[in-house]
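What follows is each chain in one-letter form.
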Amino acid sequence: MEEEIQRIVAYLDGEMSPDQQSDFDKELDQRPELKELLERELALRILLKKEEEQELLKAFSQKYQELKSSGKLPEVPVELEKESESKVVPMTRWFVRIGLALAAAIALFFLLRGISQEPSMEPTQIFASNYISPEFDEVKSSMDSDSLWKKTVFALRNNSYDSARKYIHELLLDSSFADNSRAYLYLGHLEMEQENYEAAIEAYSKVDVEIQTAEWYSMLAYLALNKKNEAIKLLNRLQDYDYYKKKATQIKKNLSIP
Amino acid sequence: MTEEPIQAHPNCPEDLDILNGIHQKGSQRDKAIMTMFESFSYFVKFGQGKYRLSEENAQTAYNESILACINAIERKKFKGESCLKTYLHTIFRNKCVNEIRSNKSNQANESLEDFVHIPDKAKSILHQMDLESRLAETLALLDKIGKKCKEVLLQTARGYSSSEIAVMLGYKDDNTVNVIRRRCRASLLKQMG
């Protein structure tokens, strides 16, 4: 058995010649007990990787405390410093007076209209409070027989996004695949999960069945990208759908859009 | 097949040492990781100011960003198209947003993609196997095989050579480490299933 394990290690570490690897691939198909051992070794490697990450995180925290206590934390570079500070605009007394007068006038306006306006929020904050990771459902249809689709859903559920992306692109090239719309929807979802918002919007734009869902997530992607105007256009449409009406109205309020 | 050379952005030639170091194994890799961590640790303060995070949360976001950055470098997803600082900034920004919404869905987990270098056949087996039960089973056994075994396997997974592990853990020589590693792995895999 030890010899088998050494072969598995050599196989996974890429230490076999192409011919040896090809033979080993065939052997895996023929010998379930070898495949079983390989699965165990893979699980072991995943756990060791996780352990390593945990150790690194501990080492990072320790290093940070060391740097902090010895006063060796590097200074924030000037260009970033500017970005993190609120802008201080020099104001003359007149500007202050005009500003105060305007604020009072606006307050009075809303008071008179009896509107309880909610405080305006940044688009990215609204995105953060509204985005929920999408669910990747198994779809009960003829596609259930399609193993590539099953693999896609499995990969998505395991956060294996690069593989899922590859599978979806393969499906989209397959003329016999009947549900391009769902493939684009899931592609959009996986790009959202990976915070590739532009790519997500592009994928959602090709969805033609579950349009409401695609528009909802596109709107969130625009908020994440701080593209308020594009988000508002979609919010106006989403207000027409019963399911999203309430949420869309609330977001518009948060953006201070009447 | 020739390996793509490791490249830093022309504006940041100093990144090259870190990038090369992370592609090494063992102590050189660890050193490069800690250099990267230290060089950009000002992001914690930046995160506190820009995203109004507590120091603890900004630090968590930074730690996780460094981990994600290491993974990207190792998997050659980082191709030197920007400076490391800019690349890390993008990851850090997203991690901060995750901290704000307390959503850790993108946190490092048992990502199958970490095994991108294994043969295709192994990848396909990995995608089809019942990962959760396998992991639970392995975790239970890993705690049972003893600290010595676990430590040797862990340092091996981190890329340390047998000689380095021998020095680090106080073994006689690299052969001793090789024997221990073989026995530990065999004992663990035998008990599973």
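Residues numbered from 1 in each chain as written. Chains lettered and ligands numbered in written order. Predicted model: local features only at pLDDT ≥ 70, side-chain atom pairs only at ≥ 80, totals over all residues. Heavy atoms only, no water.

A.B. asks: Just to check I follow, could you spell out the nonpolar core for this structure?
C.D. replies: Most often, soluble globular proteins keep nonpolar side chains buried together rather than apart. Counting 50 residues, the largest nonpolar core has A:Phe127, A:Met192, A:Met219, A:Leu220 and A:Leu223 as the members making the most contacts within it. Of all the secondary structure elements, the ones that give two or more residues to this core are helix 6 (123–130), helix 7 (147–157), helix 8 (161–173), helix 9 (180–193), helix 10 (197–204), helix 11 (211–224), helix 12 (228–238) and helix 13 (242–254) of chain A. Counting residues in each nonpolar core, the second largest holds 42 residues, with A:Leu28, A:Leu38, B:Ala166 and B:Cys184 among its members. (Core = buried A, V, L, I, M, F, W, Y, C linked by side-chain atoms within 4.5 Å. Buried < 20%, exposed > 50% of the residue type's maximum accessible area, 1.4 Å probe, protein only. Helix = DSSP H or I, 4+ residues; strand = E, 2+ residues; numbered from the N terminus.)

A.B. asks: What is the right way to look at the pattern of salt bridges in this model?
C.D. replies: When the charged atoms of two side chains lie near each other, side chains of opposite charge can form a pair. All names here are of chain A. What the rule picks out here adds up to 27 salt bridges over all chains. Two residues, Glu-41 and Arg-45, come together in a salt bridge whose shortest N-O distance is 2.8 Å. Here Arg-45 and Glu-41 lie together in helix 3 (residues 32–69), a separation of four residues that amounts to about one turn. With respect to burial, Glu-41 and Arg-45 carry one shared label: buried. Connected via shared salt-bridge partners are Glu-4, Arg-7, Glu-27, Arg-31 and Glu-33. (Salt bridge = Lys/Arg side-chain N within 4 Å of Asp/Glu carboxyl O.)

A.B. asks: How should the state of the cysteines be read in this particular structure?
C.D. replies: Every disulfide links exactly two cysteines, by a covalent bond between their sulfur atoms. Residues and elements named next belong to chain B. For the structure on display, the rule yields two disulfides over all chains. Residue Cys-12 pairs covalently with Cys-83 via a disulfide, S to S 1.5 Å. One disulfide, between Cys-12 and Cys-83, carries an S-S torsion of 50° and so falls in the right-handed class. With a gap of 71 residues between them, Cys-12 in the segment before helix 1 (15–23) and Cys-83 in the loop between helix 4 (55–74) and helix 5 (84–100) connect regions that are remote in the sequence. Neither Cys-12 nor Cys-83 differs from the other in exposure class; each is buried. (Disulfide = S-S within 2.5 Å.)

A.B. asks: Explain the packing of helix 3 of chain A against helix 6 (residues 120–128) of chain B to me, please; I cannot follow it from the model alone.
C.D. replies: In helix packing, the relevant descriptors are the interaxial angle and the interaxial distance, both defined with respect to the helix axes. Packing of helix 3 of chain A against helix 6 of chain B brings their axes to within 10 Å, and their N-to-C directions diverge by 80°. Comparing their axes, helix 6 of chain B and helix 3 of chain A come out roughly perpendicular. Contacts between helix 3 of chain A and helix 6 of chain B involve A:Lys35, A:Leu38, A:Glu39, A:Leu42 and A:Ile46 from the first element and B:Ala122, B:Ile125 and B:Leu126 from the second. Partitioned by chemical class, the residues of the contact of helix 3 of chain A with helix 6 of chain B number six nonpolar, no polar and two charged. (Axes fitted to C-alpha atoms, helices over the stretch in contact; angles between N-to-C directions. Parallel < 35°, antiparallel > 145°, perpendicular 65-115°, else oblique. Contact = heavy atoms within 4.5 Å. Nonpolar A, V, L, I, M, F, W, Y, C, P; charged D, E, K, R; others polar.)

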